[in-house]
Amino acid sequence: MDTVPEGFRPHPRKSGFTAPWEPIYQRPHEEGLSLGLHAGDAHANSRGFVHGGLISTLCDNAMGLSCAGALGGIKGLVTVNLSMDFLGTARVGQWLEVRGAVTRTGRTLNFAEARVFADGKLCARGSGVFKAQV
């Protein structure tokens, strides 16, 4: 069994879309929320790299959940914009951490960023804008 880094607990939010990627873990931190998982075959493309679509989805989730945590008292958030930069690769067998962080909150629009690490090495970064549903 793969070891889960200290502070990570099973992520309680489940969906049909992310179910094939389980188990997914979460860890709160000062700026927001991290999501993490052990990269396996279900996360990879044909070359053994973690698929950019999975990385983008986890960034979207980590950033949105970080904003929701900072706001409190909202029904949810809708992604208005998501931008990704892929700086390297993550591979099957690595621990992937997606570290979401709130950069600015407003009455309706909220901004966040995410950094993605594969075994501690930065491999992607994202930014997003989220509209709060009150």
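Up top you'll find the structure we're talking about.
(A) Representation of the overall build of the protein chain in the model. Within the protein chain, the regular secondary structure consists of 1 helix and 7 strands. Helices and strands appear in the protein chain in the N-to-C order β-β-β-α-β-β-β-β. In summary, the protein chain has a C-alpha radius of gyration of 14 Å against a globular reference of 14 Å for 134 residues, a match within 12%. Taken along its principal axes, the extent of the C-alpha atoms in the protein chain is 40 × 30 × 25 Å. Per-residue burial over the protein chain gives 40% buried out of 134 residues. When contacts within the protein chain are restricted to residue pairs at least 6 apart in sequence, long-range pairs at least 24 apart make up 60% of them. Distance between charge centres in the protein chain, computed from 14 positive and 11 negative side chains, equals 8 Å.

(B) Highlighting the nonpolar core. Counting residues in hydrophobic clusters, the biggest one holds 25 residues, and the most contacted among them are Val50, Ile55, Leu58, Cys59, Leu96, Val98 and Val116. Non-local contacts of Ile55, meaning those with residues more than four positions away in its chain, are made with Val50, Met84, Phe86, Leu96, Val116 and Ala124.

(C) Structural context of the pairing of strand β7 (residues 121–133). Bridge count between strand β4 (residues 76–86) and β7: 10 bridges; the pairing is antiparallel. In the strand pairing of β7, Thr79 is matched with Phe130. Here strand β6 (residues 109–118) runs beside β7; their pairing, made up of 10 bridges, is antiparallel. Pairing of Ala112 across the sheet is with Gly128, part of β7. Where β6 folds back onto β7 in an antiparallel hairpin, the turn is made up of 2 residues, including Asp119, whose phi is positive at roughly 50°.

(D) Region of interest: the pairing of strand β3 (residues 32–38). With 7 of 7 residues buried, β3 is to be regarded as a mostly interior element. Bridge analysis of strand β2 (residues 25–29) against β3 gives 5 bridges, and the strand direction is antiparallel. Each bridged residue has a counterpart across the sheet, and for Pro28 the counterpart in β3 is Leu33. The turn joining β2 and β3, which pair antiparallel and follow one another in sequence, is formed by 2 residues. The pairing of β3 with strand β5 (residues 95–104) spans 5 bridges and is antiparallel. Counterpart to Ser34 in the pairing with β5 is Arg99.

So, how was this worked out
- Residues numbered from 1 in each chain as written.
- Predicted model: local features only at pLDDT ≥ 70, side-chain atom pairs only at ≥ 80, totals over all residues.
- Heavy atoms only, no water.
- Helix = DSSP H or I, 4+ residues; strand = E, 2+ residues; numbered from the N terminus.
- Rg over C-alpha atoms; globule rule 2.2 N^0.38 Å.
- Buried < 20%, exposed > 50% of the residue type's maximum accessible area, 1.4 Å probe, protein only.
- Contact = heavy atoms within 4.5 Å.
- Lys, Arg positive; Asp, Glu negative; His and termini not counted.
- Charge placed at Lys NZ, Arg CZ, Asp CG, Glu CD.
- Core = buried A, V, L, I, M, F, W, Y, C linked by side-chain atoms within 4.5 Å.
- Pairing = 2+ DSSP bridges.

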